[in-house]
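Listed below, chain by chain, are the residues.
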Amino acid sequence: MTYLVTALVVVAALCLFNLLLSFGMIRRLRQHTELLNRPLHEPAERDLVRPVGSTVGEFATTTVDGEPVSRDSVGAQP
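Residues numbered from 1 in each chain as written. Predicted model: local features only at pLDDT ≥ 70, side-chain atom pairs only at ≥ 80, totals over all residues. Heavy atoms only, no water.

1. A closer look at the overall build of the protein chain
Across its full length, the protein chain carries 3 helices and 2 strands. Of the regular secondary structure in the protein chain, the N- to C-terminal order runs α-α-β-β-α. The buried share of the protein chain, reckoned over its 78 residues, is 1%. (Helix = DSSP H or I, 4+ residues; strand = E, 2+ residues; numbered from the N terminus. Buried < 20%, exposed > 50% of the residue type's maximum accessible area, 1.4 Å probe, protein only.)

Here it is as structure tokens:
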């Protein structure tokens, strides 16, 4: 009889844990949905999109082959 009670308690604890995880996932999915539904013209995302023809800021990096690349080395495109 004690095994049965212990098994029921364990199953109930697992169900409660699963329920808590489900609520956490649902809350997180709602947050992600709100982020995805925000319009692009909000200030945080407006800075990510540059207008056509605008000058890119200074940058410096290297290629896979180890060659340095910067804004000046790329040159102007017609």
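2. A look at the pattern of salt bridges
Following the criterion strictly, the structure yields 1 salt bridge and no others. The shortest N-O distance in the salt bridge between Arg-71 and Glu-58 comes to 2.9 Å. Of this pair, Arg-71 sits in helix 3 (residues 71-74) while Glu-58 sits in the loop between helix 2 (43-46) and strand 1 (60-62), and the two are 13 residues apart along the sequence. The class for Arg-71 is partly exposed, based on a relative accessible area of 29%. Overall, the relative accessible area of 58% leaves Glu-58 in the exposed class. (Salt bridge = Lys/Arg side-chain N within 4 Å of Asp/Glu carboxyl O.)

3. Regarding a nonpolar patch on the surface
Taken together, the side chains of Met-1, Leu-4, Val-5, Leu-8 and Val-9 define a hydrophobic patch exposed on the protein surface, amounting to about 550 Å² of accessible area. Judged by relative accessible area, Leu-4 falls into the exposed class, the value being 51%. (Patch = residues over 30% accessible without salt bridge, like charges linked within 9 Å, V, L, I, M, F, W, Y side chains within 5 Å. Areas by Shrake-Rupley, 256 points an atom, 1.4 Å probe, with all protein chains shown as cover.)

4. Quick notes on the confidence of the model for the protein chain
Residues of the protein chain with pLDDT of at least 70 account for 85%, and the chain-wide mean is 85. Of all secondary-structure elements in the protein chain, the lowest mean pLDDT belongs to helix 2, at 58, while helix 1 (residues 2-37) reaches the highest, 94. (pLDDT = per-residue confidence, 0-100.)

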